[in-house]
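# Architecture at a glance
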Amino acid sequence: MEITVVGMGNMGTAFAKRAASQGFKVYWWNRTREKVRDAPGAPIAKLSDARGLVVVFVADDDALFAVAPELGGDYIALAGTYSIDAVKRAIDTLSARGKKAFAMPVVGSPRNVEGGDAIYIIGAPEDIYEKLREALERFGVVFYVGDNVKAVALKLAYNSFLISTVAVLGETLTLARRYGIDHDVFKKLLEQTVFKEVAARYVDRIVGATAPTFTVKNAAKDMRYASLAAGKAEAGNVAISGVKALYEILTAMGLGEEDYAKAGVLETRK
């Protein structure tokens, strides 16, 4: 099978590398081709030249609307994090052109994607899913829900939970440190509780110097889409909208390119 990756940021590049490692013939497109480095496969000049399974990782709703009307390919998987309304609109646009499109948001980091242990939430109809299932399972863990809106809502629910959790973790680390408690002590306490894995994964990342793979501005975007979904469904939206505001403020402060996990400590930066 041929794979075309549209949008070669961190996630798109990782997916292209995973596809190449699994023996797929890989093509890719990026709005600014000169920014793409160390990508396997061959670039395509036009979106209409996309072929096979086209996996879309463009950054946001506006970028999705820009590429959807021109995409070629046999099947089109919307793998980035988008709003529910944007995915519905994009799929309607693609379906009107005779394209078989579906939501396939990803849970995991670029490292997970390249390593083959990311989770792919599949919203495709059953016939498309069965047609592609064997290929999709070569990319990671397949989590089939069979409905595009549910797939997007599930990803937004997950992302808002994760983003909120690390923001509060950063604030509580700062709270402990302001009272003379080293972050290692707080980490050891968390490791005795249900938060053991959270502490192991995020405490050192929050206080240390790491290159971001997911930024504050991207977290702000995802929280905005989650807040919109919650508001439209008349679900609880107080905590979600509060965390959204935090990431939007940090972005407005010029901290949008920082690691999203540092939000709770960035807010106290003097």
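Above this text sits the structure in question.
Quick notes on the rules
Residues numbered from 1 in each chain as written. Predicted model: local features only at pLDDT ≥ 70, side-chain atom pairs only at ≥ 80, totals over all residues. Heavy atoms only, no water. Pairing = 2+ DSSP bridges. Helix = DSSP H or I, 4+ residues; strand = E, 2+ residues; numbered from the N terminus. Contact = heavy atoms within 4.5 Å. Axes fitted to C-alpha atoms, helices over the stretch in contact; angles between N-to-C directions. Salt bridge = Lys/Arg side-chain N within 4 Å of Asp/Glu carboxyl O. Buried < 20%, exposed > 50% of the residue type's maximum accessible area, 1.4 Å probe, protein only. Polar contact = N/O pair within 3.5 Å; in protein donor to acceptor, adjacent residues only side chain to side chain. Core = buried A, V, L, I, M, F, W, Y, C linked by side-chain atoms within 4.5 Å. Right-handed = clockwise from strand over helix to strand, strands pointing away. 1 Å grid on protein atoms, 1.4 Å probe; cavity = no way out; pocket = protein on both sides within 12 Å on 5 of 7 lines; lining within 4 Å. Points joined across faces, edges and corners; volume = space filled by probe spheres on them. Nonpolar A, V, L, I, M, F, W, Y, C, P; charged D, E, K, R; others polar.

### Observations regarding the sheet that holds strand E8 (residues 119-122)
If you walk across this open sheet you meet the 3 strands as E7-E8-E9, and the pairing is mixed. Two strands close off the open sheet at either side, each with one partner strand: strand E7 (106-107) and strand E9 (141-144). Where E8 and E9 come together, 4 bridges link them in parallel fashion. Considered in E9, the bridge of Tyr120 is made with Val142. Packing of helix H6 (residues 148-178) onto the sheet brings it into contact with E7, E8 and E9, and relative to E8 it is tilted by some 140 degrees.

### Some thoughts on the pattern of salt bridges
Using the criterion set out here, one finds 8 salt bridges in the structure. Here Arg205 makes a salt bridge to Asp259, at a shortest N to O gap of 2.8 Å. With a gap of 54 residues between them, Arg205 in helix H8 (residues 196-207) and Asp259 in the loop between helix H10 (238-255) and helix H11 (263-266) connect regions that are remote in the sequence. Residue classification places Asp259 among the buried residues on the basis of a relative accessible area of 2%. Salt-bridge contacts for Lys217 lead to Glu257; the nearest nitrogen and oxygen are separated by 2.7 Å. Of this pair, Lys217 sits in helix H9 (residues 216-232) while Glu257 sits in the loop between H10 and H11, placing them 40 residues apart in sequence.

### Brief notes about the side chain of Ser160
Tracing the backbone through its elements, the reader meets Ser160 in helix H6. Ser160 sits in the buried class, given a relative accessible area of 8%. Looking at Ser160, its side chain comes within polar contact range of the main-chain oxygen of Ala157, at 3.0 Å. When near neighbours in sequence (up to four residues on either side) are disregarded, Ser160 contacts Met223, Ala226 and Ile240.

### Remarks on the nonpolar core
Core analysis: the largest hydrophobic core is formed by 60 residues, its most contacted members being Val6, Val56, Leu71, Leu78, Tyr247 and Tyr260. When residues of this core are assigned to their parent elements, the largest contribution, 10 residues, is made by H6. Tyr260 has contacts with Leu162, Ile163, Val166, Tyr202, Arg205, Phe214, Thr215, Val216, Ala219 and Tyr247, leaving out every residue within four places of it along the chain.

### Some remarks on the pairing of E8
Alignment of E7 against E8, held across 2 bridges, turns out to be antiparallel. The residue bridging Val106 from the neighbouring strand is Tyr120, located in E8. A crossover links E8 with its parallel partner E9, the connecting element being helix H5 (residues 126-136), and its sense is right-handed.

### Notes on the layout of surface pockets
In this model, the second largest pocket occupies a volume close to 310 Å³. What lines the second largest pocket is a set of 18 residues, among which Ile84, Tyr225, Leu228, Ala229 and Ala230 lie closest to the centre. Of all elements in the fold, only helix H3 (84-96), H6 and H9 reach the threshold of two or more residues within the lining of the second largest pocket. In terms of residues, the lining of the second largest pocket owes the most to one element, H9, which gives 7 residues. In terms of residue class, the lining of the second largest pocket is built from 11 nonpolar, 2 polar and 5 charged.

### Points about the sheet that holds strand E5 (residues 75-78)
Hydrogen bonds along the backbone pair up the strands of a sheet, which may run parallel or antiparallel. One open sheet holds the 6 strands; their spatial order is E3-E2-E1-E4-E5-E6, and the pairing between them is parallel. Because the sheet does not close on itself, it has two edges, and the strands there are strand E3 (42-43) and strand E6 (100-103). Bridging between strand E2 (residues 25-29) and E3 involves 2 bridges; their strand directions are parallel. From the neighbouring strand, Tyr27 faces E3, where its bridge partner is Ala42.

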